[in-house]
Amino acid sequence: MSTLAAPTSVAAIEERLAPLRARLTEHPIYAAVQSLADVRLFMESHVFAVWDFMSLLKSLQRGLTCVDVPWTPSPLVASRRFVNEIVLGEESDEYHGRPVSHFEIYLESMQAAGAETVPMQAVLQALAQQSDWRQALEAAPAPARAFVQETFRVIETGSLAAQAAAFTFGREDVIPDLFRGFIRELNQELAGSLGVFVWYLERHIEVDGEDHGPLSLRMVADLCGTNSSLWEEATQAAEDAIRARIALWDGVHAAILAAR
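Residues numbered from 1 in each chain as written. Predicted model: local features only at pLDDT ≥ 70, side-chain atom pairs only at ≥ 80, totals over all residues. Heavy atoms only, no water.

Our next topic: the overall build of the protein. A count of helical and extended segments in the protein gives 12 helices and 2 strands. Along the protein, from the amino end to the carboxyl end, the secondary structure elements read α-α-α-α-β-β-α-α-α-α-α-α-α-α. In summary, the protein has a C-alpha radius of gyration of 18 Å against a globular reference of 18 Å for 260 residues, a match within 12%. Its C-alpha atoms put the protein at 50 × 45 × 35 Å along the principal axes. Residues classed as buried in the protein amount to 47% of the 260 residues present. Per element, the accessible surface of the protein, about 12300 Å² overall, is 53% carbon and sulfur. Here the protein contributes 20 positively and 35 negatively charged side chains, and the mean placements of these two sets differ by 2 Å. (Helix = DSSP H or I, 4+ residues; strand = E, 2+ residues; numbered from the N terminus. Rg over C-alpha atoms; globule rule 2.2 N^0.38 Å. Buried < 20%, exposed > 50% of the residue type's maximum accessible area, 1.4 Å probe, protein only. Areas by Shrake-Rupley, 256 points an atom, 1.4 Å probe, with all protein chains shown as cover. Lys, Arg positive; Asp, Glu negative; His and termini not counted. Charge placed at Lys NZ, Arg CZ, Asp CG, Glu CD.)

Once that is clear, we can look at the nonpolar core. The biggest cluster of nonpolar side chains holds 83 residues, and the ones touching the most others in it are Phe-42, Phe-48, Tyr-106, Phe-167 and Phe-197. When residues of this core are assigned to their parent elements, the largest contribution, 15 residues, is made by helix 3 (residues 36-64). (Core = buried A, V, L, I, M, F, W, Y, C linked by side-chain atoms within 4.5 Å.)

The next subject is the side chain of His-204. Along the chain, His-204 falls in helix 11 (residues 195-224). Side-chain polar atoms of His-204 contact the side chain of His-102, separated by 3.1 Å. (Polar contact = N/O pair within 3.5 Å; in protein donor to acceptor, adjacent residues only side chain to side chain.)

Below, the discussion takes up the pattern of salt bridges. When the charged atoms of two side chains with opposite charge come close together, those side chains can pair. Throughout the structure, instances matching the rule amount to 17 salt bridges. The partner of Arg-134 in a salt bridge is Asp-132, and the shortest N-O contact between them spans 3.5 Å. Residue classification places Arg-134 among the partly exposed positions, given a relative accessible area of 44%. With a relative accessible area of 38%, Asp-132 lands in the partly exposed category. A salt bridge links Arg-243 to Glu-239, with the nearest nitrogen and oxygen atoms 4.0 Å apart. (Salt bridge = Lys/Arg side-chain N within 4 Å of Asp/Glu carboxyl O.)

Purely spatial values, then, with no claim about function.
Structure representation (structure tokens):
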């Protein structure tokens, strides 16, 4: 737990997170990805972050809306609308006229790029057979497994405010323009084999750049209110989420270097 004074506003959380976010955006993994083989290794771990994002989102939807019968209205009207909008886009976006989740699009992008999808598919199959998520994750690469474990830790033990903070600050799009530009250029060189991946990256920039950023910040503020303990828990959850992403990138970066 940080020894700094507990933040009591979104701006204070952002100030606390600035050094960590700088480490994340300047991570050497982005410069290390220099070939299609590197992109494949990146995707084979990153897909697990795309997948567990949906569990974090669904946990927020469960907490902010009513999914029980009989239905009753939940109190945070703006936040419940926001989370439902996010679920609609993430779980049922439109890609070339067909509804599909961003996770499924990511799997398609991996297949088009020749990346290995067997570990992710093995996790999904195990979950479909009612396996515990911890057991199902045995098929995942070690860095991805550790990342997902942190996500489920906050889902299972954190307050709704902590989950919202992990979602808002830990899952913001931090992939630099330079990396996306390289993927676009490599896609042209490879006759469009990374086209679906390009769509995924650009779509998230488009979505995050509209209303989602401000609304997610409001969600954190609504859930923390005037409770200093919730503000501190939310800040810690955000820090933990960013550290988990840095650790994931560390693992993928090491794998890319080892494969050369």
